[in-house]
Amino acid sequence: MAHTETHAGISAPERQLFGSEPNSLATIVAALRAWRRAVVRRKALAELTPDQLRDIGQPGDNRPVLEIKAGLMTKLMSMR
């Protein structure tokens, strides 16, 4: 029987998230820009009509839609 060991992949951070390093300011700025882009994207999607959302591939009610055409099972079975 094989012997396996498991180890926790989580360790204590070696430094704080936004420490006093020179890159910490760049990290904060990048995080704020990403947050701002997400806000703008959500706002733009909220302003679109359901028809416009469908045109860009987004369902109007933000739920996945599965469309099955008549005769699909017959076609799939004949392809076997």
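Cut-offs applied
Residues numbered from 1 in each chain as written. Predicted model: local features only at pLDDT ≥ 70, side-chain atom pairs only at ≥ 80, totals over all residues. Heavy atoms only, no water. Helix = DSSP H or I, 4+ residues; strand = E, 2+ residues; numbered from the N terminus. Buried < 20%, exposed > 50% of the residue type's maximum accessible area, 1.4 Å probe, protein only. Areas by Shrake-Rupley, 256 points an atom, 1.4 Å probe, with all protein chains shown as cover. Patch = residues over 30% accessible without salt bridge, like charges linked within 9 Å, V, L, I, M, F, W, Y side chains within 5 Å. Salt bridge = Lys/Arg side-chain N within 4 Å of Asp/Glu carboxyl O. Lys, Arg positive; Asp, Glu negative; His and termini not counted. Charge placed at Lys NZ, Arg CZ, Asp CG, Glu CD. pLDDT = per-residue confidence, 0-100.

1. Structural notes on the overall build of the protein chain
Secondary structure assignment for the protein chain yields three helices and zero strands. Mapped in sequence order, the helices and strands of the protein chain form the string α-α-α. Burial statistics for the protein chain: of 80 residues in total, 2% are counted as buried. On the protein chain, roughly 8,200 Å² of surface is accessible, and the fraction owed to carbon and sulfur atoms is 58%.

2. Digging into a positive patch on the surface
A cluster of like positive charges, contributed by Arg 33, Arg 37, Arg 41 and Arg 42, occupies part of the molecular surface. Take Arg 42: it is sitting in helix α1 (residues 23–46).

3. Focus: the confidence of the model for the protein chain
With 64% of its residues at a pLDDT of at least 70, the protein chain reaches an overall mean of 77. At the level of individual helices and strands, the protein chain shows its lowest average pLDDT in helix α2 (residues 50–55), which scores 83, and its highest in α1, which scores 90.

4. Here we look at a nonpolar patch on the surface
On the surface, a nonpolar cluster with roughly 790 Å² of combined accessible area is contributed by Leu 66, Ile 68, Leu 72, Met 73, Leu 76, Met 77 and Met 79. Within the secondary structure, Ile 68 sits in the loop between α2 and α3 (72–79). Ile 68 gets classed as exposed once you look at its relative accessible area, which sits at 60%.

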